[in-house]
Amino acid sequence: MSRRKGCAYIWERKDTRVLWLCRYVNKKPVRVSTGLPDTKQNRLFLNRNAESEFWRIALEQGKVEPDQIPNNSSLSIIMQQDPAMPKLREYGEYTLNATLSGRSTKTQQDVKKKFNRICLYFGDETPINSITATMIAEWQTKLSQGKVSYQNGKPYSNKTIINYRSVLNTILSAAVDDGLIQRNPMESRIAKAPRIIKKIPTVYSLEEIRALLESCRHYAKNARNFQTEWAWKQMFYMLKLGFFTGLRSGELIALQWHDINFDQNYIHVQRRIRDGDEDLPKGYKKRFVDLLPQAKEVLKTQQLLTGLKSKWVWLTYQGNPYSSTDSLDEMFKKACRHAGVKVGKFYNMRHSFATLMIENGMSESWLIQNTGHVDISTTRDYYFGKIKPNLDAINKLVV
DNA sequence: CCGATTTCAGCCTTGGGGCC
DNA sequence: GGCCCCAAGGCTGAAATCGG
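Throughout this description, residue numbers start from 1 for each chain and increase along the sequence as written. Each chain gets a letter, beginning with A, and each ligand a number, beginning with 1, in the order they are written. Residue-level local features of this predicted model are given only where pLDDT is at least 70; pairs of side-chain atoms are given and counted only at 80 or more, and the full residue set underlies all totals for whole chains, interfaces and linings. Calculation of side-chain values draws on the structure's entire complement of heavy atoms; hydrogens and water are dropped beforehand.

- As annotated in an unreviewed UniProt entry, chain A carries the name Site-specific recombinase XerD and is attributed to Hydrogenimonas thermophila.
- UniProt positions are given in the numbering used here, feature names are shortened, and annotations may be inferred rather than shown by experiment. As its UniProt record puts it under Sequence similarities (unreviewed entry), chain A is described as follows: "Belongs to the 'phage' integrase family."

1. Overview of the domain arrangement of chain A
Okay, step 1: When its domains are assigned, chain A resolves into domain 1 (9-81), domain 2 (88-191) and domain 3 (206-383).
Okay, step 2: The straight-line distance from the C-alpha centre of domain 1 to that of domain 3 is 64 Å. Marked domain ranges trace back to an automatic or database domain assignment.

2. Focus: the sheet that holds strand E4 (residues 260-261)
Okay, step 1: Strand order in the open sheet formed by three strands is E4-E5-E8, and the pairing between neighbours is antiparallel. The strands lining the two open edges of the sheet, one partner per strand, are E4 and strand E8 (287-290).
Okay, step 2: Bridge analysis of E4 against strand E5 (residues 266-269) gives two bridges, and the strand direction is antiparallel. By the bridge assignment, Asn-261 is partnered in E5 with Tyr-266. A pair of strands is labelled paired if DSSP reports no fewer than 2 bridges between them. Elements are defined by DSSP. Helices are runs of H or I of four residues or more, strands are runs of E of two residues or more, and each kind is numbered from the N terminus.

3. Here we look at the pattern of salt bridges
Okay, step 1: The working definition used for a salt bridge is a side-chain nitrogen of Lys or Arg within 4 Å of a carboxyl oxygen of Asp or Glu. In this structure the tally under the stated criterion is nine salt bridges.
Okay, step 2: As a salt-bridge pair, Lys-233 and Glu-229 come within 3.7 Å of each other at their nearest N and O atoms. Taken together, the residues Lys-233 and Glu-229, both in helix H8 (residues 226-245) and four residues apart, mark about one turn of the helix.
Okay, step 3: Accessibility expressed as a relative area gives 33% for Lys-233, which makes it partly exposed.
Okay, step 4: Each residue is assigned to one of three classes by its accessible area relative to the maximum for its type, calculated with a 1.4 Å probe on protein chains only: buried under 20%, partly exposed between the two thresholds, exposed over 50%. Owing to a relative accessible area of 32%, Glu-229 belongs among the partly exposed residues under this scheme.
Okay, step 5: One salt-bridge network, in which partners are shared between bridges, spans Arg-89, Glu-93 and Asp-124.

4. A look at helix H11 (residues 326-339)
Okay, step 1: Expected helix span is given by 1.5 Å per residue-to-residue step, counting one fewer step than there are residues. Between its first and last C-alpha atoms H11 spans 20 Å; for 14 residues at 1.5 Å apiece the expected length is 20 Å, and the two agree.
Okay, step 2: Where H11 is concerned, the buried positions are Leu-328, Met-331, Phe-332, Ala-335 and Cys-336. Burial along H11 is one-sided: seen end-on, the buried residues are contained in an arc of 150°. Exposed and facing more than 90 degrees away from the buried side of H11 are Asp-326, Glu-330 and Arg-337. This arc is taken over the directions from the axis of the helix to the C-beta atoms.

5. Section: the protein's contact with DNA strand B
Okay, step 1: Nearness here has a simple test: a residue counts as near a molecule or strand if at least one of its heavy atoms is within 4 Å of that partner. As a matter of local geometry, DNA strand B sits amid 25 residues, with Ser-104, Thr-107, Arg-272, Asp-329 and Lys-333 nearest to it.
Okay, step 2: Within 4 Å of the protein, atoms of DNA strand B come from sugar and phosphate in 69% of cases.
Okay, step 3: Between N or O atoms, a polar contact is any pair within 3.5 Å; within protein, one atom must be a potential hydrogen donor and the other a potential acceptor, and residues adjacent in sequence are included only when both atoms are from side chains. Here a phosphate oxygen of DNA strand B and a side-chain polar atom of Thr-107 are 2.2 Å apart.
Okay, step 4: Arg-272 places a side-chain nitrogen or oxygen 2.8 Å from a phosphate oxygen of DNA strand B.
Okay, step 5: Elements represented by at least two residues in the surface near DNA strand B include exactly helix H4 (105-122), helix H6 (158-177), strand E6 (272-274) and H11.
Okay, step 6: With five residues, the top contributor of residues to the surface near DNA strand B is H6.
Okay, step 7: The nonpolar class holds Ala, Val, Leu, Ile, Met, Phe, Trp, Tyr, Cys and Pro. Asp, Glu, Lys and Arg form the charged class, and all remaining residues, Gly among them, are polar. Here the residues of the surface near DNA strand B sort into four nonpolar, nine polar and twelve charged.

6. Section: the packing of aromatic side chains
Okay, step 1: Each pair of aromatic rings taken from Phe, Tyr and Trp, with Trp reduced to its six-membered ring, is defined by centres within 6.5 Å and is described as stacked if the planes are under 30 degrees apart, edge-to-face if over 60, and tilted in the remaining cases. This structure, assessed with the given rule, holds 14 aromatic pairs.
Okay, step 2: Arranged with centres 5.4 Å apart and planes meeting at 65°, the rings of Phe-122 and Trp-139 form a pair that is edge-to-face. Of this pair, Phe-122 sits in helix H4 while Trp-139 sits in helix H5 (residues 133-145), and the two are 17 residues apart along the sequence.
Okay, step 3: Here the aromatic rings of Phe-236 and Tyr-237 are separated by 5.2 Å at their centres, their planes lie at 85°, and the arrangement is edge-to-face.

7. Some remarks on helix H10 (residues 293-306)
Okay, step 1: With 14 residues, H10 extends 20 Å from end C-alpha to end C-alpha; this agrees with the ideal 20 Å at 1.5 Å per step.
Okay, step 2: Within the span of H10, buried status applies to Ala-295, Val-298, Leu-299, Gln-302 and Thr-306. The buried residues of H10 occupy one face: seen down the axis, they fall within an arc of 95°. Residues of H10 that are exposed and point over 90 degrees away from its buried face: Pro-293 and Leu-304.
Okay, step 3: Contacts are assigned to residue pairs that have any heavy atoms within 4.5 Å of one another. Residues of H10 that are buried in the fold lie against H8, E4 and E5.

8. Some words on the pairing of E5
Okay, step 1: Following E4, the chain reverses through four residues before pairing antiparallel with E5; Asn-265 in that reversal takes a positive phi of roughly 60°.
Okay, step 2: The sheet contact formed by E5 and E8 spans four bridges and is antiparallel. Across the sheet, Ile-267 pairs through a bridge with Val-289, a residue of E8.

9. Section: the nonpolar core
One recurring pattern in soluble globular proteins is that nonpolar side chains are buried together.
Okay, step 1: To qualify as a nonpolar core, a set must consist of buried Ala, Val, Leu, Ile, Met, Phe, Trp, Tyr and Cys residues joined through side-chain atoms within 4.5 Å. Leu-212, Leu-239, Leu-299, Trp-314 and Phe-332 are the most contacted members of the largest nonpolar core, which has 55 residues in total.
Okay, step 2: Secondary-structure elements contributing two or more residues to this core are helix H7 (206-221), H8, E5, H10, H11, helix H12 (348-359) and helix H13 (364-371).
Okay, step 3: Examining the composition of this core, we find that eleven residues originate from one element, H8, more than from any other.
Okay, step 4: Aside from chain neighbours lying at most four places away, what touches Leu-239 is Leu-212, Leu-213, Cys-216, Phe-332, Phe-346 and Met-349.
Okay, step 5: Core analysis: the next-biggest nonpolar cluster, separate from the first, contains 31 residues, Leu-143, Ala-174, Val-176 and Ile-181 among them.

10. Some words on unusual backbone geometry
Working note: non-glycine residues mostly have negative phi, and peptide bonds are mostly trans.
Okay, step 1: Backbone geometry at Asn-265 places phi at a positive 60°, although glycine is not the residue there.
Okay, step 2: Topologically, Asn-265 is positioned in the loop between E4 and E5.
Okay, step 3: Under the relative-accessibility criterion, Asn-265 is labelled partly exposed at 29%.

Structure representation (structure tokens):
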């Protein structure tokens, strides 16, 4: 480590386990205890921040006077002026590239985009150690009010703010680990993550599902051309299958005939389609889903439509597999409006499936196996709508 | 084991092309 | 002109993983 003249440096003291800093002030040595234990990380930190830490502690302990700080600069200026301190843009890019292996391509793109916006707000050239908890708190508030330049006045939800925080947090916690800063300002009380309130998922009852299916039939019957008729016919069966298997919509459109075992009554879920990309299902986990009689019936019928034509279970009217779930969602909403039920999403079939299965006495362990969750808390948190009590049983409780 | 964080995937919007 | 399919970007819900 360099002991530049007129700069603070780590002072070795054999009799203590904490690190000290020393600096010549008016030609006299001033020594302060940092209170930090002698660890590799603390040494790294103090080597990088000797000057600013020295002044901060020495002022706090009254060992120097404010007017002794060189160049009459304030403490905050000294902290920002350290030429060795990496800048936000440079260090952030380095960190995000270094940690890229854990993310998928799409996620990495998302992260980079968020990072660019973070730089736009905080400034490319902002030294890492000058981002304060207050600045972060202010940023979050502005995001929630839609007052940041790239938002066009659109307020961000708490969830979105948390996702943006996550990117900055990755960078700042790396900065702590690398010894650039002592603590992560995001962990400060005033810069805490906003709260999110968990919603009860939208769930359709059996009657509502029937009405939705009826709407699909209606649109297929009254179609003025082949493509519309075909699309709604597919929708009819997809909806039914989604409701009786609980598959994710991306998994549903990716089904191939060889995934289905009609003899042993299961579906091997091993694929997912998103934005035209084929990949393993979420969490990179394949699973087996029980083929309930109602689902089996749907697939037997669908087999007559596409079984000989293609390896894919579901086809567009052009004879290709669906490249995304977009049109499904659009048609689902249309069906909701026609059926006069609450307008939801195709994914709610999955929630409805889970709720119905629990109401009808299937075990939670069966359910997590079929939904492919790692533990039951996910299922409980996200999947159950309002579960109807079994009034028949309750009414028998007479005292 | 549970809440917080991080990552992945669905949803929403815009827009274009093709078909009937 | 209405309807469906497809693409792409950004927001946010779903769900795994982390960390205490």
